Amino acid sequence: MVSKTQTEEYLRKTQLPLATKSYTVISHGDIIDTVREMLKKHGFIVTNELYKAESNGDVALGFMQIETLNDPDMAMTFNWTNSYNKMVRFSCSIGGFIYDNQVPFVSTNNQASWNRKHTGTALEETMEVIEAMVASADDHFAQIVDMKNKFKSIDVSRKEYAKLLGLLYFDKQVISSEQINVIKREYEKPSFTYTDKGTLWELYK
């Protein structure tokens, strides 16, 4: 299923499922309102919002870009995913948004991401986690920036570039053959003005 860009109004109008003993409803609208409220409470300025949906709105994704003045390469983001059809858990995370090519930079730090099945006290826990994550967002983003700077410090030759892509494709299975072709084409004829040429940061972008 391919996610399509949708409006906030579309997500809010998506019909809510019925709550049951084994299913707790977490509405897309409540998430949007809570994230906005917490970001404002903690002094963050939202510069852009993007919403996507699948399955006629039953699965929704939200991305809130947050103004940051302490990094020239990325903005901070608060990201979330929610569903009404039990296809995915609710999840949220702090991430980065790369200015060069307008793509996300994610962290594997468990403290910067969280997910929860739609059961029991999921609604109350979700709202508490959103506030806690926003409250410590600066620390999470600082870790992401540190990771990015480490990527910048690692030089990658064309041969090493090819080896890394091979490992990502054959061993880790995190990229597809189609993506390999896109990366190769981007390397030889960039669509964007990538900074930090010849580094792991360029390869990531």
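Above: the structure in question.
One numbering rule holds for all chains: residues counted from 1, following each sequence as written. Since the coordinates come from a predicted model, pLDDT governs what is reported: local features require at least 70, and pairs of side-chain atoms require 80 or more to be given and counted, while whole-chain, interface and lining totals use all residues. Note that the side-chain values use all heavy atoms of the structure and ignore hydrogens as well as water.

Visitor: Quick question: what am I supposed to make of the side chain of Thr68 here?
Guide: Each helix corresponds to a stretch of at least 4 residues labelled H or I by DSSP, and each strand to a stretch of at least 2 residues labelled E; elements are numbered beginning at the N terminus. In this structure, Thr68 sits in the loop between β3 (59–66) and β4 (74–83). The exposure class of Thr68 is buried, given its relative accessible area of 12%. Any pair of nitrogen or oxygen atoms within 3.5 Å is treated as a polar contact; in protein, a donor-acceptor pairing is required on top of that, and neighbouring residues in sequence qualify only through side-chain atoms on both sides. A polar contact is formed between the side chain of Thr68 and the backbone oxygen of Met74, at a distance of 3.2 Å. Only protein chains enter the accessibility calculation, which uses a 1.4 Å probe; a residue whose area is less than 20% of its type maximum is buried, one above 50% is exposed, and one in between is partly exposed.

Visitor: Which parts of the structure should I look at to understand the pairing of β4?
Guide: Along β4, 10 of the 10 residues are buried, which leaves the element largely enclosed by surrounding structure. Side chains of β4 alternate between two faces, with Met74, Met76, Phe78, Trp80 and Asn82 and Ala75, Thr77, Asn79, Thr81 and Ser83 buried alike. Strands pair, by our definition, only if DSSP identifies at least two bridges between them. As paired elements, β3 and β4 share 8 bridges and run antiparallel to each other. Directly across from Gln65, in β4, lies its bridge partner Thr77. In sequence, β4 turns back onto strand β5 (residues 90–98) through a hairpin of 6 residues, with Lys86 there showing a positive phi of about 65 degrees.

Visitor: Sorry if this is basic, but what is going on with the layout of surface pockets here?
Guide: Over the atoms, a rolling probe the size of a water molecule traces out where space has been left empty. Definitions used throughout: a 1 Å grid over protein atoms alone; a cavity as a set of points that fits a 1.4 Å probe which cannot get out; a pocket as an open set with protein on both sides within 12 Å along at least five of seven lines; a lining residue as one with an atom within 4 Å of a point. Grid points are joined across faces, edges and corners, and a volume is the space filled by probe spheres set on the points. Approximately 650 Å³ is the volume attributed to the largest pocket. Taken together, 21 residues make up the lining of the largest pocket; nearest its centre are Gln179, Ile183, Leu203, Tyr204 and Lys205. Taken together, the elements giving at least two residues each to the lining of the largest pocket come down to β6 (103–105), α5 (158–171), α6 (177–188) and α7 (200–204). The residue classification treats Ala, Val, Leu, Ile, Met, Phe, Trp, Tyr, Cys and Pro as nonpolar and Asp, Glu, Lys and Arg as charged. All others, Gly included, are polar. Residue classes in the lining of the largest pocket are distributed as 16 nonpolar, 2 polar and 3 charged. The computed volume of the second largest pocket comes to approximately 340 Å³. Along the walls of the second largest pocket sit 14 residues, with Leu50, Phe63, Asn79, Phe97 and Pro104 positioned nearest its centre. For the lining of the second largest pocket, the secondary-structure elements that each account for two or more residues are β2 (46–54), β3, β4, β5 and β6. Broken down by element, the residue count for the lining of the second largest pocket peaks at 4 residues, all from β2. When grouped by side-chain class, the residues that make up the lining of the second largest pocket number 6 nonpolar, 6 polar and 2 charged.

Visitor: Help me understand the pairing of β3, please; the structure alone is not making it clear to me.
Guide: Put simply, side chains in a regular strand alternate between the two faces of the sheet. Burial analysis of β3 places 7 of its 8 residues in the buried class, which makes it a mostly covered element. Pairing geometry for β2 and β3, over 8 bridges, is antiparallel. When the sheet's bridge partners are listed, Glu49 is paired in β3 with Met64. Between β2 and β3, which follow one another and run antiparallel, lie 4 residues, and Ser55 among them has a positive phi close to 50 degrees.

Visitor: Which parts of the structure should I look at to understand the nonpolar core?
Guide: Side-chain atoms within 4.5 Å are what join buried Ala, Val, Leu, Ile, Met, Phe, Trp, Tyr and Cys residues into a set we call a nonpolar core. Counting residues in each nonpolar core, the largest one holds 39 residues, and the members touching the most others are Val35, Met74, Phe78, Trp80 and Ile130. Contacts are residue-level and defined by heavy atoms, with any inter-residue pair within 4.5 Å sufficient. If we ignore the near neighbours within four places in the chain, the residues touching Ile130 are Ile31, Thr34, Val35, Met38, Phe78 and Phe90.

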